[in-house]
Amino acid sequence: MNQIKLFSPATIANLCCGFDVMGLCLDNIGDEVEIHKSETPGVRIVSIAGADLPLEAEKNVAGVAALALLREWPTDFGFEISITKKIKAGSGIGSSAASAAAAVFGINELLGRPYEGLDLIRFAMQGEKLASGSAHADNVAPALLGAFTLIRSYDPLDVIRIDSPEDLYAVVIHPDIELRTADARSVLKQNVSLPNAIEQWGNLGGLVAGLYTKDYGLIGRSLQDKVIEPLRGILIPGFDKLKTVAQQAGALGSGISGSGPSVFALCKGAASAQQTADMMSAVYGQISLKHDVWISSINPKGIKILETN
Ligand code: ADP
């Protein structure tokens with residue numbers, strides 16, 4: 001195999017009660033990434049369409065992730081990467097993760113698959129370190145493994161993939177405003193009160209149990225966030241209104257996607273997701289705020305191979 005073309009999905013991290021540990025994989029939103037083997041050793045980003053991002057491998061998350069893999073698996077040939085961005089950087093649905101995950105997944109395929117999921121997560125995390133300053137896995141893990149993922153531990157890295165109930169859909173609304181990850185991080189507090197911590201881990205256990213038992217009611221009851229949302233929600237226009245209408249539309253629950261400004265809702269069934277998307281979109285329509293809305297089923301596989309040659 002000399003070249004590979006991939007669809008690399010957007011992801012929702014945090015999921016209310018699972019700050020920095022939970023994520024899910026979307027199905028129909030994502031980047032397209034093509035990787036070709038080349039005679040010249042090293043990694044080159046040869047084109048980026050749809051976004052103004054650096055071409056230097058060391059400044060692009062795809063390049064950094066690819067170089068992390070090749071440091072452990074040196075080759076006497078190289079790789080040329082072309083990226084078509086369909087997810088805006090900084091929208092809170094794992095734009096940087098999609099590029100980083102695709103680079104390591106594609107190179108691993110072109111090398112005959114020497115590495116497995118956990119290693120690929122480890123390499124892709126180096127790309128995330130470039131994007132946000134911390135080597136976090138809550139977007140790259142669902143992009144690479146699909147479905148839901150739980151990062152139980154970073155040291156050692158321990159990631160659990162959890163199947164999604166079949167009828168679960170995600171709605172994502174992205175207001176066209178800039179919310180820098182650094183700003184979203186700066187409002188956080190370093191300490192959590194014991195009562196809030198107790199509620200949060202109760203809900204996280206409930207979410208995981210709800211996913212395993214396909215108990216939609218339990219999933220919905222567990223989508224609560226006593227720790228982060230009260231601090232970050234104020235940075236997102238109309239956040240409380242979006243949550244109220246999502247609930248009125250019958251969504252199971254809703255919250256901030258990643259560090260925002262996107263807001264997500266989980267719904268049982270496509271009709272409920274459509275109703276939720278329409279009502280959330282109307283909130284921004286009323287205040288004439290430009291936005292995008294997506295409805296997606298949960299992607300069970302993660303990155304998809306579109307073509308090989
Ligand atoms: P998101 O949560 O949407 O990934 P982040 O703020 O975490 O947003 O990451 C976006 C940052 O990563 C931006 O500063 C962007 O310039 C940088 N970046 C570097 N390479 C890429 C890439 N290939 N795709 C997306 N972002 C990239």
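Look up a bit, the structure's there.
Keep in mind the model is a prediction, meaning the values are calculated, not measured.

The rules behind these values
Residues numbered from 1 in each chain as written. Predicted model: local features only at pLDDT ≥ 70, side-chain atom pairs only at ≥ 80, totals over all residues. Heavy atoms only, no water. Helix = DSSP H or I, 4+ residues; strand = E, 2+ residues; numbered from the N terminus. Axes fitted to C-alpha atoms, helices over the stretch in contact; angles between N-to-C directions. Left-handed = near helix turned anticlockwise from the far one by under 90°. Contact = heavy atoms within 4.5 Å. Nonpolar A, V, L, I, M, F, W, Y, C, P; charged D, E, K, R; others polar. 1 Å grid on protein atoms, 1.4 Å probe; cavity = no way out; pocket = protein on both sides within 12 Å on 5 of 7 lines; lining within 4 Å. Points joined across faces, edges and corners; volume = space filled by probe spheres on them. Core = buried A, V, L, I, M, F, W, Y, C linked by side-chain atoms within 4.5 Å. Buried < 20%, exposed > 50% of the residue type's maximum accessible area, 1.4 Å probe, protein only. Salt bridge = Lys/Arg side-chain N within 4 Å of Asp/Glu carboxyl O. Near = heavy atom within 4 Å. Polar contact = N/O pair within 3.5 Å; in protein donor to acceptor, adjacent residues only side chain to side chain. Areas by Shrake-Rupley, 256 points an atom, 1.4 Å probe, with all protein chains shown as cover. Sits in = over half its atoms within 2 Å of the grid points. Pairing = 2+ DSSP bridges. Disulfide = S-S within 2.5 Å.

Peer 1: I'm lost on unusual backbone geometry in this one. Help?
Peer 2: Among all residues save glycine, negative phi is the norm, and among peptide bonds the norm is trans. For the bond from Asp155 to Pro156, the omega torsion is 5°, close enough to zero to count as cis. With an omega of 0°, the peptide bond running from Gly260 to Pro261 counts as cis. Within the secondary structure layout, Pro261 lies in the loop between strand 8 (253-256) and strand 9 (263-268). Not every positive phi belongs to a glycine, and Ala147 is a case in point at roughly 55°. If you trace the backbone, Ala147 turns up in the loop between helix 4 (140-145) and strand 5 (148-154).

Peer 1: How should the packing of helix 1 (residues 61-72) against helix 2 (residues 95-110) be read in this particular structure?
Peer 2: Angle between the axes and distance between the axes are the two parameters that describe a pair of packed helices. Running from amino to carboxyl end, helix 1 crosses helix 2 at an angle of 35°, the nearest separation of the two axes being 8 Å. In this structure, helix 1 crosses over helix 2, and the sense of that crossing is right-handed. On helix 2, the residues touching Val61, Ala62, Ala65, Ala66, Leu69 and Leu70 of helix 1 are Ser96, Ser99, Ala100, Ala103, Val104, Ile107 and Asn108. Per-class residue counts for the contact of helix 1 with helix 2 are 10 nonpolar, 3 polar and no charged.

Peer 1: Hey, could you run me through empty space enclosed by the protein in this one?
Peer 2: Remark: the empty space left among the atoms is shown by a probe the size of a water molecule rolled over them. For the structure shown, the criterion picks out 1 cavity of 30 Å³ or more. Computed from the structure, the largest cavity encloses a volume of approximately 60 Å³. Every residue lining the largest cavity is listed: Asn14, Cys16, Phe19, Asp225, Ile228, Arg232, Ile256 and Gly258. Among the residues making up the lining of the largest cavity, the classes are represented as 4 nonpolar, 2 polar and 2 charged.

Peer 1: What should I look at first to understand the nonpolar core in this one?
Peer 2: Within soluble globular proteins, side chains that are nonpolar tend to cluster in buried spots. Of all hydrophobic cores here, the largest spans 43 residues; its most connected members are Ile35, Leu69, Ile81, Ile107, Ile121 and Leu144. By residue number, the principal contributor to this core is helix 2, which donates 9 residues. Every residue in contact with Ile81, bar those within four places of it in the chain, is listed here: Val33, Glu34, Ile35, Val43, Arg44, Ile45, Val46, Ser47, Ala62, Ala66 and Ala103. Listed in part, the 28 residues of the second largest apolar core include Leu24, Ile87, Ala170 and Leu207.

Peer 1: For this particular structure, what's the right way to read the pattern of salt bridges?
Peer 2: Close approach of charged atoms allows side chains of opposite charge to pair. Scanning the entire structure with this criterion turns up 18 salt bridges. A salt bridge links Glu56 to Lys59, with the shortest nitrogen-to-oxygen separation between them at 3.4 Å. Salt-bridge contacts for Asp119 lead to Arg122; the nearest nitrogen and oxygen are separated by 2.9 Å. Of this pair, Asp119 and Arg122 both sit in helix 3 (residues 117-132), 3 residues apart, which is roughly one turn of the helix. Bridged by salt links that share partners, the residues Lys88, Asp176, Lys290 and Asp292 form one connected network.

Peer 1: What exactly am I supposed to notice about the site of the ligand here?
Peer 2: Of all residues adjacent to the ligand, which total 15 residues, the nearest are Asn60, Lys85, Gly90, Ser96 and Thr181. One nitrogen or oxygen atom from the main chain of Ser95 is found 3.1 Å from an oxygen atom belonging to the ligand. Ser99 places a side-chain nitrogen or oxygen 3.1 Å from a nitrogen atom of the ligand. Protein chains shield 81% of the accessible area of the ligand, which is 560 Å² for the free molecule. Cavity membership is defined here by more than half of the atoms lying within 2 Å of grid points; on that basis the ligand lies in the largest pocket. In terms of residues, the shell around the ligand owes the most to one element, helix 2, which gives 3 residues. The residue inventory of the shell around the ligand, partitioned by class, reads 4 nonpolar, 9 polar and 2 charged.

Peer 1: What exactly am I supposed to notice about the environment of Gly127 here?
Peer 2: Along the chain, Gly127 falls in helix 3. Along the chain, Gly127 and Val64 lie 63 residues apart, while their C-alpha atoms are 5.2 Å from each other. In contact with Gly127, other than residues within four places in its own chain, are Val61, Val64, Ala65 and Ala100.

Peer 1: How should the sheet that holds strand 9 be read in this particular structure?
Peer 2: Strand pairing in a sheet relies on backbone hydrogen bonds, with the paired strands running either antiparallel or parallel. A sheet is described by the order of its strands in space; here 4 strands give the open sequence 8-9-7-10, paired in antiparallel fashion. Of all strands in the sheet, those bounded by a partner on one side alone are strand 8 and strand 10 (291-297). Neighbour to neighbour, the strand axes of the sheet diverge by 20° on average, direction disregarded. In terms of strand pairing, strand 8 meets strand 9 through 4 bridges, oriented antiparallel. In the strand pairing of strand 9, Gly253 is matched with Leu266. The strands touched by helix 9 (residues 239-248) within the sheet are strand 7 (168-175), strand 8 and strand 9, with strand 8 carrying the most contacts at an inclination of about 160°.

Peer 1: Help me understand the state of the cysteines, please; the structure alone is not making it clear to me.
Peer 2: Simply put, the disulfide is a covalent bond whose two ends are the sulfur atoms of two cysteines. All chains considered together, the criterion is met by 0 disulfides. There is no disulfide at Cys16, and the cysteine sulfur nearest it, in Cys17, is 6.4 Å away. Take Cys267: it sits in no disulfide, and the sulfur closest to it among the cysteines is that of Cys16, at 12 Å. Assessed through its relative accessible area of 0%, Cys267 is described here as buried.

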